[in-house]
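Inside the fold
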Amino acid sequence: MLFSDLGLSEDLLNAVTDAGYIEPTPIQAEAIPYVLMGRDILGCAQTGTGKTASFTLPMIDILAQGRAKARMPRSLILEPTRELAAQVAENFDIYGKNHRLTKALLIGGESLDEQAKVLNKGVDVLIATPGRLIDMFDRGMLLLNDVKVFVIDESDRMLDMGFIPDVERIASMLPPLRTTLLFSATMPKEIKKLAEQFLMNPREVTVAPPSTTADTISQGLLVLGRPHGHGPGSEQKMKRDALRELIKHEAPRNALIFCNRKRDVDIVHRSLNRHGLEAARLHGDMSQPMRMETLTKFKTGEMRYLVCSDVAARGLDIPEMSHVFNFDVPTHAEDYVHRIGRTGRAGRKGHAFTIAVAADAKYIDAIERLTKSPIPRIKLDGAKGGQLDAVEEKPKRQRNRRKAMEHATPIKTDVLATAENDKTPDAAPAEERPSGERSRSLQRNGVRKDELPEADDAPVKGLGDHVPAFMLREVELN
Ligand code: AMP
């Protein structure tokens, strides 16, 4: 299949060629012709599949006809986070370079007045997070009667973040005669309900279910044994030592380093810098301009390592990411797939390493059940306090382990840095309030969800980001 078979205009095909794309990805090949026909789409696809272009490309051609009136955007794309919204806006710049379309980005953390000024000039494409959009609508700064194409992107993330009531309200403000495109990496029943509510006879397009990890990503799991010291601090320190060893061995071109909690993002970030590894961090508490600046530094290669949480890095598209390190095993198995999917994109080779301790056994189990393949165990030779395969397992798990070990890639490294080298404070800061709780209390004070400093950090699935201490305590496995 060629891009020229999809019914796109000549100008658009030229922009696609300039972007360096040779052929459409499966979701593009399946969705684009239907969007051009005006059909609704229910797309089950995650980032990395080319789904953004599957809706931005046909939208550009559809919007090429006609002109926008002041404060009346002609299309609307909802994104759960500011970063994703900014990324979609970049896509319009790349693919729309031969068109004269105007766009506006309505995201929290940026000046309302500036955004209102852009809207007043009339915009063809409006890309927004739900909270800011509703705010501006309620203030009478925009009207949605002229929206012809409505995109709900990353719907399952919207659900996770509690945005579905906002999405429903926004949909009720739109004209009934429109094209609606709904994308989601997973299809929980709430999203199916949303699709039934808003889509008319949709064309369903499903690509790469979220449980699959790309073949281009080589994976490794480093299971650390008991630390020499006591308490969670020594275990964390052992993990930081192991992370540096992995980095030393791998010499990544660039890497994302995932932590489960924000306070660990800070600690790991400080620790890496102290050890001469120039790292940036991405954090819900940072201001929007700071987040953007950090991302630019990382994307341009000025910073080689980016320590981040799942939410801050959600959907980040950095095409040539060589490595992903999981400093913590994610507590939601799907997040493992999302995390490691940041590398090995568009057919390139990528590497993903996960550092685990004995208490992570249940999370590893869940990941391996989801992806239906064991993660190869790796070794750090000479790792102080860190013996691999230290997790005692049930016979069934041992069978899996043996299978995994057949594919294991042993890593030879020097002895780990000594305790004296690491001056990072081991004592974690006083217990943080779960970010969801903080969000709720701020919301009660009249602050909108996506205006909150950590709005996109709000955990809602299960226990979210916050893992109570009792769950991190080691359990004896039979
Ligand atoms: P997405 O799934 O939209 O996050 O896109 C993932 C990455 O694939 C982005 O870097 C796109 O620039 C890239 N991409 C999208 N479509 C194509 C294509 N047809 N060929 C090669 N790369 C693509």
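Residues numbered from 1 in each chain as written. Predicted model: local features only at pLDDT ≥ 70, side-chain atom pairs only at ≥ 80, totals over all residues. Heavy atoms only, no water.

1. Some remarks on the sheet that holds strand β3 (residues 103-106)
Note on sheets: strands pair through backbone hydrogen bonds, and any given pair is parallel or antiparallel. Pairing in this open sheet of 7 strands is parallel, and the strands run β3-β4-β2-β5-β6-β1-β7 from one edge to the other. Either end of the sheet is taken by a strand with one partner, and the two such strands are β3 and β7 (203-206). Geometrically, the sheet is characterised by an average inter-axis angle of 10° between neighbouring strands, direction not taken into account. Two elements, β3 and strand β4 (residues 125-128), share 4 bridges in a ladder whose sense is parallel. Residue pairing across strands places Ala 104 opposite Leu 126, the latter belonging to β4. Against the sheet, helix α2 (residues 26-36) makes contact with β1 (41-44), β6 (179-184) and β7, and its axis sits at roughly 165° relative to β7, the strand it touches most. (Pairing = 2+ DSSP bridges. Helix = DSSP H or I, 4+ residues; strand = E, 2+ residues; numbered from the N terminus. Axes fitted to C-alpha atoms, helices over the stretch in contact; angles between N-to-C directions. Contact = heavy atoms within 4.5 Å.)

2. Notes on the nonpolar core
Counting residues in each nonpolar core, the largest one holds 35 residues, and the members touching the most others are Leu 76, Leu 78, Leu 126, Leu 133 and Phe 150. Elements supplying a minimum of two residues to this core: β2 (75-78), β3, α5 (112-120), β4, α6 (130-138), β5 (149-152), α8 (164-172) and α9 (189-198). Beyond its immediate sequence surroundings of up to four residues, Leu 76 is in contact with Leu 126, Ala 128, Leu 133, Val 147, Val 149, Phe 150, Val 151, Ile 170 and Leu 174. Ile 32, Ala 45, Ala 85 and Phe 92 belong to the second-largest nonpolar core, a separate cluster that totals 33 residues. (Core = buried A, V, L, I, M, F, W, Y, C linked by side-chain atoms within 4.5 Å. Buried < 20%, exposed > 50% of the residue type's maximum accessible area, 1.4 Å probe, protein only.)

3. Some remarks on the site of the ligand
Around the ligand lies a shell of 14 residues, among which Tyr 21, Gly 48, Gly 50, Thr 52 and Asp 317 are the nearest. Within the contact set of the ligand, a nitrogen atom lies 2.8 Å away from a side-chain nitrogen or oxygen of Gln 28. Thr 49 has a polar backbone atom sitting 3.0 Å from an oxygen atom of the ligand. Here the ligand, which alone exposes 500 Å², has 84% of that area covered by the protein. Residue classes in the shell around the ligand are distributed as 3 nonpolar, 7 polar and 4 charged. (Near = heavy atom within 4 Å. Polar contact = N/O pair within 3.5 Å; in protein donor to acceptor, adjacent residues only side chain to side chain. Areas by Shrake-Rupley, 256 points an atom, 1.4 Å probe, with all protein chains shown as cover. Nonpolar A, V, L, I, M, F, W, Y, C, P; charged D, E, K, R; others polar.)

4. Concerning the side chain of His 269
Positionally, His 269 belongs in helix α11 (residues 262-274). Of the polar contacts made by the side chain of His 269, one reaches the backbone oxygen of Ala 279; its length is 3.1 Å. Sequence-distant contacts of His 269, that is, excluding residues within four places in its chain, are made with Ala 279, Ala 280, Arg 281 and Val 307.

5. Brief notes about the environment of Leu 84
Note that Leu 84 resides in helix α4 (residues 82-95). Among the residues examined, Leu 84 registers a relative accessible area of 5% and is labelled buried. Sequence separation between Leu 84 and Ile 127 is 43 residues; the distance between their C-alpha atoms is 9.6 Å.

6. Topic: the confidence of the model for the protein
Considering every residue of the protein, the mean pLDDT works out to 79; 75% of them sit at 70 or more. Low confidence marks residues 401-478, where pLDDT is under 50. Its contacts with residues over four positions away, or in another chain, come to 172 contacts. (pLDDT = per-residue confidence, 0-100.)

7. Looking at the pattern of salt bridges
Within this structure, the stated rule accounts for 23 salt bridges. Where Arg 157 meets Asp 160, a salt bridge forms, and the shortest distance between an N and an O atom there is 3.7 Å. Highlighted residues: Arg 157 and Asp 160, both in helix α7 (residues 155-160), separated by 3 residues, approximately one helical turn. According to the relative accessible area criterion, Arg 157 is buried, its value standing at 9%. Across the salt bridge formed by Asp 335 and Arg 157, the nearest N and O atoms sit 3.2 Å from each other. Note that Asp 335 is positioned in helix α13 (residues 333-340) and Arg 157 in helix α7, a separation of 178 residues in sequence. The burial state of Asp 335 is the same as that of Arg 157; both residues are buried. Salt bridges sharing common partners tie together Lys 51, Asp 153 and Glu 154. (Salt bridge = Lys/Arg side-chain N within 4 Å of Asp/Glu carboxyl O.)

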